[in-house]
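For reference, the chains in residue letters:
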Amino acid sequence: MGSRGRLMLVSSVALLAGCTTTASDGSAAPTATTATATASTPTACAARVETGSLPDWADAGFSGDARVPHVFGGKGDIVAVLFAHPLRQVREDGSNNKILWVARAATTSPDPVAPATLVITARLDGTDTQVIREVPGGPGPSIIDLPQAGCWRLDLSWSGHTDTMDLVYAE
């Protein structure tokens, strides 16, 4: 079982509406622009919002035992710290969908010719809807708005690294 599956089984988590507790083998979903489903693609929304402490590698800038909603990438190489929880397709209160992307320090050097920009290819689960968002300079603070409510499957790419995650946007 991959690290994602272990995380799902042993962690105390808060679930968003529409998500299930289906375990995954930890395989990465298809990347880049392919929209073809494969056997390794999870069949149910796997968005898992954690509310415990951030891991040591992701807590720079936070004080004490900071407990903020966050979602780990499938490989555990990146975490999305959610300053707006739940994420919403429309935010009528004037707030925004602020996400701080924190990448785990790589054990190998990043690809020196790969762009540092964090590229997010988001697909709305069960549809052909796909959008691309970019965070210039790589993982860091961002406002990520998506056009519809639902479970979004994200392929994340930065500095020669990749990971995946599911995020739910409410109406």
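Our structure's up above, just so we're on the same page.
A quick note: this is a predicted structure, and the numbers were derived from the prediction, not measured.

Cut-offs applied
- Residues numbered from 1 in each chain as written.
- Predicted model: local features only at pLDDT ≥ 70, side-chain atom pairs only at ≥ 80, totals over all residues.
- Heavy atoms only, no water.
- Pairing = 2+ DSSP bridges.
- Helix = DSSP H or I, 4+ residues; strand = E, 2+ residues; numbered from the N terminus.
- Phe/Tyr/Trp six-rings, centres within 6.5 Å; stacked < 30°, edge-to-face > 60°.
- Disulfide = S-S within 2.5 Å.
- Buried < 20%, exposed > 50% of the residue type's maximum accessible area, 1.4 Å probe, protein only.

**Details of the sheet that holds strand S3 (residues 87-88)**
Inference 1: Within the open sheet, the five strands sit side by side as S3-S9-S8-S5-S6. Their pairing is mixed. Here the strands that pair on one side only, and so sit at the sheet edges, are S3 and strand S6 (130-135).
Inference 2: As judged from the six bridges shared by strand S5 (residues 118-124) and strand S8 (residues 150-158), these two strands associate in the antiparallel manner. The residue of S8 that forms the bridge with Ala122 is Leu154.

**Considerations on the packing of aromatic side chains**
Inference 1: Here the structure, examined in full by the defined rule, presents one aromatic pair.
Inference 2: Ring geometry for Phe62 and Phe83: centres 6.3 Å apart, planes at 10 degrees, overall stacked. One end of the pair, Phe62, is in the loop between helix H1 (3-10) and strand S1 (70-72); the other, Phe83, is in the loop between strand S2 (78-82) and S3, with 21 residues separating them in the sequence.

**Some points on unusual backbone geometry**
Inference 1: The residue after His85, namely Pro86, is reached through a cis peptide bond having omega 5 degrees.
Inference 2: Considering the arrangement of structural elements, one finds Pro86 in the loop between S2 and S3.
Inference 3: Phi is positive for Ser159, close to 45 degrees, though the residue is something other than glycine.
Inference 4: Turning to its location among the elements, Ser159 is positioned in the loop between S8 and strand S9 (161-170).

**Quick word on the state of the cysteines**
Inference 1: Under the counting rule described, the total for this entry stands at one disulfide.
Inference 2: Disulfide pairing is shown between Cys45 and Cys151; the S-S distance is 2.4 Å. Taking the sign of the torsion about the S-S bond as the criterion, the disulfide between Cys45 and Cys151, at about 85 degrees, is right-handed. Here Cys45 is found in the loop between H1 and S1, whereas its partner Cys151 is found in strand S8, with 106 residues between them in sequence.
Inference 3: What makes Cys45 buried here is its relative accessible area of 5%.

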